[in-house]
Amino acid sequence: MIVQVLYFSWVREKVGLSKETIDTEAKTVSDLIMELCIKDECYKLAFSNLDVIRVALDQELADQNSSMEAVKEVAFFPPMTGG
Amino acid sequence: MKIVVQLEAFDPGEELDNFKGQLKSSGALVSFSGIVRDIPGGLNRIEIEHYPIMTEKAINKICSEACLRWELEDLMVIHRFGSLKKGELIMMVATAANHRTDAFEAAEFLMDYLKSRAPFWKKEIGSAKASWVVSKAVDEKALSRWETS
């Protein structure tokens, strides 16, 4: 399954990318995070504290247990600071 | 309903006049503006990053929810992104209703959700260092008072 993965804020800075295309077999967001962490050290650094990682699937807030089924775009970012 | 996410600065007086000018029956208008504040050691600027498509979706959802919960004639949300200096307006919310309670509560609701559920991230760039603004537990807690069982 091909997905676009987006990174924002300090997650983007730690990963060193704002966007990438990934071919993944991940069933859940957690699976995807694990796949990424195996791929390179920078992901391990970015995902070292999962409590401060938020995720959106196709631009809707989700959680790390959410299913990746039919998802086209995944975004990882820290808690939002709007307003 | 006016929802705008923009790079450019805006004139809050002009925005409020336009918003007020289009109202037909409201007796109460509440507005809130968020301003770039200083930090210890001095702020050079802030950088606001956002997630374009999701930002629109999230703000729309928050505004629709406010319209369901309160009797509003109209509402407005303007939020900037990009580079902003100290004292510049970051964002503005306005609500109009027949009665002030609806207008006040809806404006607070919008602010609470925009803070923690709209995908914006602020980075403060000071003279000595730059750091991402960390979300506060109190902001997350503020949402709990709006939760319906």
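Presented here is an overview of the structure given in this document. (Residues numbered from 1 in each chain as written. Chains lettered and ligands numbered in written order. Predicted model: local features only at pLDDT ≥ 70, side-chain atom pairs only at ≥ 80, totals over all residues. Heavy atoms only, no water.)

Brief notes about the nonpolar core
Test applied: Note on terminology: a nonpolar core comprises buried Ala, Val, Leu, Ile, Met, Phe, Trp, Tyr and Cys residues joined through side-chain atoms within 4.5 Å. Partly exposed residues are those whose accessible area sits between 20% and 50% of the maximum for their type, while under 20% is buried and over 50% is exposed, using a 1.4 Å probe and protein chains only. Runs of E in the DSSP output that reach at least two residues are strands. Runs of H or I that reach at least four are helices, and both are numbered from the N terminus.
Counting residues in each nonpolar core, the largest one holds 34 residues, and the members touching the most others are Tyr7(A), Phe47(A), Phe76(A), Phe77(A) and Tyr51(B). Sorting the residues of this core by element identifies strand 1 (2-7), helix 1 (9-15), helix 2 (29-39), helix 3 (41-46), strand 3 (54-57) and strand 5 (73-77) of chain A as the ones contributing at least two each. No other element matches helix 2 of chain A, which puts 5 residues into this core. Judged by nonpolar contacts, the second largest core, of 33 residues, contains Ile59(B), Ile62(B), Leu84(B) and Tyr113(B).

Topic: the interface of chain A and chain B
As a reminder, the rule being used: Residue contacts follow a heavy-atom distance rule, with two residues in contact if any of their heavy atoms lie within 4.5 Å. When two parts are brought into contact, each loses some accessible area as probed by a 1.4 Å sphere; the total of that loss over both is the buried area. In the sections that follow, a salt bridge refers to a side-chain nitrogen of Lys or Arg positioned within 4 Å of a carboxyl oxygen of Asp or Glu.
Opposite the 21 residues of chain A that make contact, chain B presents 25 residues. Between chain A and chain B, a total of about 1,900 Å² is buried, with carbon and sulfur atoms accounting for 56% of that surface. Considering only the side of chain A, the residues that lose the most area to chain B are Met80(A), Thr81(A) and Gly83(A), jointly responsible for 37% of the buried surface there. There are 2 salt bridges connecting chain A and chain B. Salt-bridge contacts for Glu13(A) lead to Lys123(B); the nearest nitrogen and oxygen are separated by 2.5 Å. Broken down by element, the side of chain A that touches chain B gets its largest block of residues, 4 residues, from helix 1 of chain A.

Focus: the sheet that holds strand 1 (residues 2-6) of chain B
Sheets are built from strands paired through backbone hydrogen bonds, the pairs being either parallel or antiparallel. Residue and element names in this part refer to chain B. To be explicit about the condition: The rule for pairing is simple: two strands pair if DSSP sees at least two bridges between them. Every axis in this analysis is a line fitted to C-alpha atoms, fitted for helices over the stretch in contact. Angles between the N-to-C directions lie between 0 and 180 degrees.
Spatial ordering of the open sheet is given by 1-4-6-2, a layout of 4 strands whose pairing is mixed. Strand pairing shows two members of the sheet lacking a second neighbour, strand 1 and strand 2 (28-35), which therefore form its edges. In this sheet, adjacent strand axes meet at a mean angle of 5° when their direction is disregarded. By the bridge criterion, 8 bridges tie strand 2 to strand 6 (residues 89-97) in an arrangement that is antiparallel. Among the inter-strand pairings, Gly-34 is bridged to a residue of strand 6, identified as Met-91. Sheet strands touched by helix 2 (residues 52-69): strand 1 and strand 4 (72-80). Its angle to strand 4, the strand with the most contacts, is close to 155°. Contacts from helix 3 (residues 100-117) reach strand 2, strand 4 and strand 6, with the element oriented near 150° to strand 6.

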